[in-house]
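# An overview of the molecular structure
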Amino acid sequence: HYYACWKFRYDMLPLLRRAKEAGEDAKVLTVLGSGMGGEIDHNDLGLKNYTLAKATRAAQAYNDMMIE
């Protein structure tokens, strides 16, 4: 899910840039628990010690970092 969102935005970048150059309001809005992510466990980036709560917090944190 996270990677699909990233890929979609990445593929949209050329279109967004062209729209902005044409004077259009070109933005991406993401709503995935913005600002609600937890700390990232750098020793378990692959979520091998998976829990639903841990995966949710990680996805929110990764999404925030991707948008920044």
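Residues numbered from 1 in each chain as written. Predicted model: local features only at pLDDT ≥ 70, side-chain atom pairs only at ≥ 80, totals over all residues. Heavy atoms only, no water.

## Topic: helix α2 (residues 52-67)
- For α2, built from 16 residues, the straight-helix expectation of 22 Å at 1.5 Å per residue is met to within 8% by its first-to-last C-alpha distance of 23 Å.
- Those residues of α2 lying buried are K54, A55, A58, Q60, A61, Y62, N63, D64 and M66. (Helix = DSSP H or I, 4+ residues; strand = E, 2+ residues; numbered from the N terminus. Expected span 1.5 Å × (residues − 1). Buried < 20%, exposed > 50% of the residue type's maximum accessible area, 1.4 Å probe, protein only.)

## Section: a nonpolar patch on the surface
- The grouping of W6, Y10 and L13 at the surface amounts to a nonpolar patch, some 290 Å² of accessible area in total.
- Along the chain, Y10 turns up in helix α1 (residues 2-21). (Patch = residues over 30% accessible without salt bridge, like charges linked within 9 Å, V, L, I, M, F, W, Y side chains within 5 Å. Areas by Shrake-Rupley, 256 points an atom, 1.4 Å probe, with all protein chains shown as cover. Salt bridge = Lys/Arg side-chain N within 4 Å of Asp/Glu carboxyl O.)

## Regarding the environment of R17
- Along the chain, R17 turns up in helix α1.
- Among the residues examined, R17 registers a relative accessible area of 52% and is labelled exposed.

Taken by themselves, the reported measurements are silent on function.
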